[in-house]
Amino acid sequence: MDHPRFGVGIWAGWAAILALAIWMRVPAPGWLALAAVASLAFGLATPPVARSWAAAIIAVLWLGIGIGAGVSVRLARVEAAWPVVRETVEERAAAALRMELDALRARADTAAAQAARQPVSFTRLERIRARTGVSALVVYGPDGTPLAWAGEHRGAVPDSVRQGERAYAFARGPLFGYAYFARPMAGERTAVGAVLLESNLAAGDELLPFAEHFRARHGLLPRFFFPERARGDAIWDWMADRPIFSVTFATLTQTRWRDRIVHRSRWGVGLAWAAALVGLTLLGRQRASPRGTVLALTAALLVVPWRELLGPARTFELPVSLTLVAMLGAGMWLLGVRVQPDGRRWLPWSAAVLGAGLLVPGALWLVQHSTSSALLAEAAAGGVGLQLATVLLIALPMWVLLRAISPQDGPLHRTGITGVVVLTLLLAGGVLVWAPVLGVPPLWTGALWALPFALLAWALPIKHGSRNALLGWLAVGWITASAALPHLWLLHWQARLEQADAELARLGTQPDPRLDNLLRDFAERALFFASEGEGGVDLLYRSWVASALATEGYEARISLWNGATREAELGLSDVEFPPAMVPAMLAAARAAEEPLVERFTADRAVHYLLSMSLPGGRVVSVAVPPRRRLDRATALARFIDPAGPGDQGELTSLSLVPVPPEGAAASPRWIRTPGGWRSEVRVPFPEGPMHAHLLIRTHRHRSWLPAPCCLPPCTWASSRCSGC
């Protein structure tokens, strides 16, 4: 483009893109103002030949800026007049709730009535259920036995519903709450439609309860109670022939509502941002600097808050993803730069080899100390994302070193290229075989990969122009992949053993800060649900599920005391709470001003004890015995979180054997066995120390060597299409 100001205009457009991306991360009005000014500068600097493109880009930019400005006004009102905002939100949600409950009743009535009129058939019931949207549709015989059904129902259906005693009914347990709609059929049979109103467990997208649907649309979570047990600031009774259930809303906080506004606005601004990003990328690559466009695009993708937009479940660890994006952009730029003339190449061969020898162990050290242990342990060799990032981290500077070597005359040495492949395979295999002997990942062995680099620099003389560029990039990718993958595999196993050490540290009567925090979190949840009107076993279940205590492998006895009488209990352990400890525990809980967490080392039944007083003189206690297992304490815990701790395939067995105090090491020591790794550690228990043998099964060395090796040619091809 020959227009003198167009280059400045392109960069002004990228400044607007970056400002809008920063606003999605930090919603401050100043970034919107900067985006507006930069977009105007972009429009003024655009020459006539590109004004149609520029107008479209500016339009979508201002759409995003307008959405952001509206959000800023709403956030300012939330800060300045929160009581008024909350009252307005609740009134609007209450009106919507009445309408949606009436529509729900009409659909469920229709489902039950159509099922009662038609012949009993699984296919017909499923067709009716899918059309009306009820959770389950069942036909019961005269004795309450199900004859045909469609859909899914969790828990038991009340006898009064199966017998058709009531046209409308409500059942609420600790985990699920259902509304039932019954219609009589010929032959004393009953057609029943069930609707899942709320759930304290993750029931899956196909069984999402009504309350979660409503919260997603309106921002408030409805709570359903029996009419006589409803408590709250605003209560609505849902009536049929009589009050069926009462509804109130969970407490809406200012922070939660503000987060909802920001989260919903990110999608609107993000769509406008993405459209402007695509338009400016195409315009820049066609009419301005392609390399500058690549770098600006990379910067924009780095700034945008992907985790907030996509959620943590859809992205691998953020530092790895950002590093990968940045290095992919740098790789496209490097490969798009043509090889310099021979006189501009200055690095001696020996200096380049020395640089490669320092580069590989330095990059591996950086990956080890900048990547979380959880990410390394989660997947073999850290997962594909970490592998790609590590390979790029080594390959890009190694590629620069190869291109900067002073040119040497001579043809391509095919024998040398073959030697590079063979030597890298020998080095990778040697590290994997040698590592168990060393006991720790030998990162310094990465310096040995300077040997195949030296062989490559001799075998592949890069001359003027782009000759041999693709082959050189492929060879560099192969060398770096063969160095990165074995070391990442070893780092993975180091992280796995560190996780196992942490699990062993939770056994017996050892101090457990994690359990201490879980019990305090349980106390906060119990106080909240008690203030919301929960009681009995419902209070205990909801508090247990809402806290992270439910997804861990701890056994527990969770009790609700009314006076000296145990009103309700969750028996999540076979170990009984000692009756002799009850009076002192109740007295201490009622005298304390906050929840008490105590640790015991000499009692076989109690290791940690939480006791807390609730309004009305009730007391909640959680007694956790010394831990003797690493898997889940109950089947219900596995049902709540199937992929949680204790379900890893590598944790195969744990055995505890009584030994004298001097019979085992106090700190974990790992011994290589034919089947994997076995721990040797002494763990204190009330009855005496135990020798803990934890066996972690190893499987065959797995890596994704083709994935990193396929990346270089793809990146090379992308850069060659940039018009350089």
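Quick summary incoming for the structure in this document. (Residues numbered from 1 in each chain as written. Predicted model: local features only at pLDDT ≥ 70, side-chain atom pairs only at ≥ 80, totals over all residues. Heavy atoms only, no water.)

Looking at the packing of helix α12 (residues 349-370) against helix α14 (residues 384-404)
Selection rule: Whenever a helix is involved, its axis is fitted only over the stretch in contact; in every case the axis is a line through C-alpha atoms, and angles between N-to-C directions fall within 0 to 180 degrees. Numbering of helices and strands runs from the N terminus, with a helix taken as a DSSP run of H or I at least four residues long and a strand as a DSSP run of E at least two residues long. Between 65 and 115 degrees an angle is taken as roughly perpendicular, under 35 as roughly parallel, over 145 as roughly antiparallel, and anywhere else as oblique. Helix crossings get a hand from a simple test, with the near helix turned counterclockwise from the far one by less than a right angle marking a left-handed crossing and a clockwise turn marking a right-handed one. The contact rule is simple, with two residues in contact once any of their heavy atoms fall within 4.5 Å. Side-chain classes are defined by residue name, with Ala, Val, Leu, Ile, Met, Phe, Trp, Tyr, Cys and Pro counting as nonpolar, Asp, Glu, Lys and Arg as charged, and the others, Gly among them, as polar.
Two elements in contact, α12 and α14, have axes separated by 10 Å at closest approach and are oriented at 160°. As summarised for this structure, α12 and α14 are arranged roughly antiparallel, according to the angle between their axes. Seen along the crossing, α12 lies across α14 with a hand that is right-handed. Only Leu386, Thr390, Leu393, Ile394, Pro397, Met398 and Leu401 of α14 make contact with α12, whose side of the interface consists of Ala352, Gly355, Ala356, Leu359, Val360, Ala363, Leu364, Leu366 and Val367. Broken down by class, the residue content of the contact of α12 with α14 amounts to 14 nonpolar, 2 polar and no charged.

A few points about the packing of aromatic side chains
Aromatic ring pairs are reported here in terms of the distance separating the ring centres and the angle at which the planes meet. This is how the line gets drawn: Any two of the Phe, Tyr and Trp rings considered here, Trp counted by its six-membered ring, make a pair once their centres fall within 6.5 Å; the pair's planes then place it as stacked at under 30 degrees, edge-to-face at over 60, or tilted in between. Two conditions define a charge sitting above a ring: the NZ of Lys or the CZ of Arg must be within 6 Å of the ring centre, and it must be within 35 degrees of the ring normal.
In the structure shown here, the tally under the stated rule is 9 aromatic pairs. In this structure, Arg627 is placed above the aromatic ring of Tyr554, and the distance from its NZ or CZ to the ring centre is 4.7 Å.

Description of the pattern of salt bridges
Selection criterion: By convention in these notes, a salt bridge is any Lys or Arg side-chain nitrogen within 4 Å of a carboxyl oxygen on Asp or Glu. Exposure classes here rest on a 1.4 Å probe applied to the protein chains alone. A residue is buried below 20% of its type maximum, exposed above 50%, and partly exposed in between.
Considering all chains together, one arrives at 17 salt bridges under this definition. With a shortest N-O distance of 2.9 Å, Arg172 and Glu198 are connected by a salt bridge. Residue Arg172 is located in strand β3 (residues 168-172), and its partner Glu198 is located in strand β5 (residues 189-199); the two are separated by 26 residues in the primary sequence. Note on accessibility: Arg172 and Glu198 belong to one class, buried. With a closest N to O distance of 2.8 Å, Asp516 and Arg520 form a salt bridge. A residue pair is termed a helical-turn pair when its members lie 3 or 4 positions apart in one helix, as Asp516 and Arg520 do in helix α18 (residues 513-531) at 4 residues. Look at Asp516 and you get buried, because its relative accessible area is 19%.

Comments concerning helix α3 (residues 51-80)
Defined as follows: In a helix, the anticipated span is given by 1.5 Å times the number of residues less one.
In this model, α3 (30 residues) spans 42 Å end to end at C-alpha, consistent with the 44 Å of a helix rising 1.5 Å per residue. Those residues of α3 that fall on the buried side of the exposure criterion are Ala54, Ile57, Ile58, Leu61, Gly64, Ile65, Gly68, Val71, Ser72, Leu75 and Val78.

Focus: the sheet that holds strand β1 (residues 136-140)
Counted only if it meets this: Two strands pair under a simple rule: DSSP has to find at least two bridges between them.
Spatial strand order, β2-β1-β5-β4-β3: 5 strands in an open sheet with antiparallel pairing. The open sheet has two free edges, formed respectively by β2 (146-151) and β3, since each of these has just one partner strand. Taken over all neighbouring pairs, the strand axes of this sheet differ in orientation by 20° on average, direction set aside. As judged from the 10 bridges shared by strand β4 (residues 176-185) and β5, these two strands associate in the antiparallel manner. Counted as the bridge partner of Arg183 is Ala191 from β5. The sheet contacts of helix α4 (residues 82-117) involve β1, β3, β4 and β5, and relative to β4 the element is tilted by about 40°.

Observations regarding a nonpolar patch on the surface
Our working rule: Patch building starts from residues that exceed 30% relative accessible area and form no salt bridge, then joins like charges within 9 Å and nonpolar side chains (Val, Leu, Ile, Met, Phe, Trp, Tyr) within 5 Å. Here the accessible surface of atoms and residues is derived via Shrake-Rupley with a 1.4 Å probe, and residues count as covered only by protein chains that are part of the display.
A cluster of nonpolar side chains, Val421, Val422, Leu425 and Leu426, forms an exposed patch at the surface whose accessible area comes to about 350 Å². Within the secondary structure layout, Leu426 lies in helix α15 (residues 414-438). Classification of Leu426 as exposed rests on a relative accessible area of 59%.

Description of the pairing of strand β12 (residues 608-613)
Extensive coverage of β12 is indicated by the burial of 5 of its 6 residues. Pairing between strand β11 (residues 596-599) and β12: 4 bridges, direction antiparallel. Opposite Glu598, over in β12, you have Leu609 as the bridge partner. Bridging between β12 and strand β13 (residues 618-624) involves 6 bridges; their strand directions are antiparallel. Each bridged residue has a counterpart across the sheet, and for Met612 the counterpart in β13 is Val620. In sequence, β12 turns back onto β13 through a hairpin of 4 residues, with Gly616 there showing a positive phi of about 90°.

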